[in-house]
Amino acid sequence: MMKILLYFEGMKFISKSGIGKALNHQKAALTYEGIEFTLDPGDDFDLAHINTIGPGSLALIRKCRRLGKKVVIHAHSTEEDFRNSFLFSNQLAPLFKKRLIKVYSKADRIITPTPYLKRLIESYGLQPPVHAISNGIDLKQFTYSEEKIRQFRTYFGLRPDDQSACFLNGRGCWISSRLRGDCRKSGSSGSVMSRCIQCPGLSAAL
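Residues numbered from 1 in each chain as written. Predicted model: local features only at pLDDT ≥ 70, side-chain atom pairs only at ≥ 80, totals over all residues. Heavy atoms only, no water.

Participant: Would you take a moment to explain the environment of Leu120 for this structure?
Facilitator: Locating Leu120 in the fold gives a position in helix α6 (residues 115-122). C-alpha separation for the pair Leu120 and Glu79, spaced 41 residues apart in sequence, amounts to 8.9 Å. Residue contacts for Leu120: discarding those within four places in its chain leaves Thr78 and Glu80. (Helix = DSSP H or I, 4+ residues; strand = E, 2+ residues; numbered from the N terminus. Contact = heavy atoms within 4.5 Å.)

If you want it as C-alpha cells, here you go:
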C-alpha cells in the first residue's frame, strides 16, 4: 500500500490561510480513498506531496531524489497572483517567479487547484506535466436549511425582497446584496486583499 507524505512548511503560520486549508482537503481526500499518509518527513513514505516553496521544501526534494522517491508539487502560488498583494510586491514579483520556477521545475508532477493556474504555470515553460485538480468541497456543509438561511439573513440584516451572493476566498466571505448594493465582509482571519463584484444577472437568492 502506498504511503504519502503531505508536506507544508510553517504550518503554525499558514494554518488559517488558503494553503493551510488545503491540508485539510488533502487529508480528507486520502482518507476517503483509503490511502495512508503522514505529516512527518522523518517517516517512511513512497511519494512526497509538497505544498510550499521554502528551504525546507527544497531540502525535502533533494532527500527524495537521493532515495529515489517521486515528488508531486502542489502549485498554490504564481507571480501573477503575487503582484499587487502588498506594498512593493510588484518589485519583488520577478524574484518570486524565479523561486517558483526553481522549486516547481524539480517536481515529477505539478498539481494546480484550477485550470487558470494550470495555464499560468504552463506558461513558465516548465518540464514537469501540470494537472488541474480541484481542492473539492464538503457537500454536507451546503445542505439546504431553512433555519440557516433565516439566521444568515437576520445576521446581515437582509430584507425579504433582497437577493444576495457570497464570494469565498479561503480566508473570509464577502456578502453582496444585489438590490441594495452594499458589500460586507465576514469571518476574515487575515489582511488578505479581496474584491466583491456585483453581478446583476446572478439569480442565486438566499
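Now that the structure has been shown, we can carry on.
Participant: How should I be thinking about the pattern of salt bridges in this particular structure?
Facilitator: Two side chains of opposite charge can pair, provided their charged atoms sit close to one another. In this structure the tally under the stated criterion is nine salt bridges. Residue Glu36 pairs with Lys3 through a salt bridge whose shortest N-O separation is 3.8 Å. Here Glu36, found in strand β2 (residues 36-38), pairs with Lys3, found in strand β1 (residues 3-7); they are 33 residues apart in sequence, far enough to count as distant. Between Glu122 and Lys118 there is a salt bridge, with the nearest N and O atoms lying 2.6 Å from each other. Pair noted here: Glu122 and Lys118 are both in helix α6, with a separation of four residues, about one helical turn. Bridged by salt links that share partners, the residues Glu79, Arg83 and Lys97 form one connected network. (Salt bridge = Lys/Arg side-chain N within 4 Å of Asp/Glu carboxyl O.)

Participant: Any chance you could explain a positive patch on the surface here in plain terms?
Facilitator: Together, Arg62, Arg66, Lys102 and Lys106 make up a positively charged patch on the protein surface. Taking the relative accessible area as the measure of exposure, Lys102 reaches 44% and is therefore partly exposed. (Patch = residues over 30% accessible without salt bridge, like charges linked within 9 Å, V, L, I, M, F, W, Y side chains within 5 Å. Areas by Shrake-Rupley, 256 points an atom, 1.4 Å probe, with all protein chains shown as cover. Lys, Arg positive; Asp, Glu negative; His and termini not counted. Charge placed at Lys NZ, Arg CZ, Asp CG, Glu CD. Buried < 20%, exposed > 50% of the residue type's maximum accessible area, 1.4 Å probe, protein only.)

Participant: What is the right way to look at the sheet that holds β2 in this model?
Facilitator: Overall, parallel pairing links the six strands, which are arranged β2-β1-β3-β4-β5-β6 in an open sheet. For this open sheet the edge positions go to β2 and β6 (130-132), each flanked by a neighbour on one side alone. Taken pair by pair, the neighbouring strands of this sheet meet at an average axis angle of 25°, ignoring direction. With three bridges connecting them, β1 and β2 associate as parallel partners. (Pairing = 2+ DSSP bridges. Axes fitted to C-alpha atoms, helices over the stretch in contact; angles between N-to-C directions.)

Keep in mind these numbers describe shape, not what the thing actually does.
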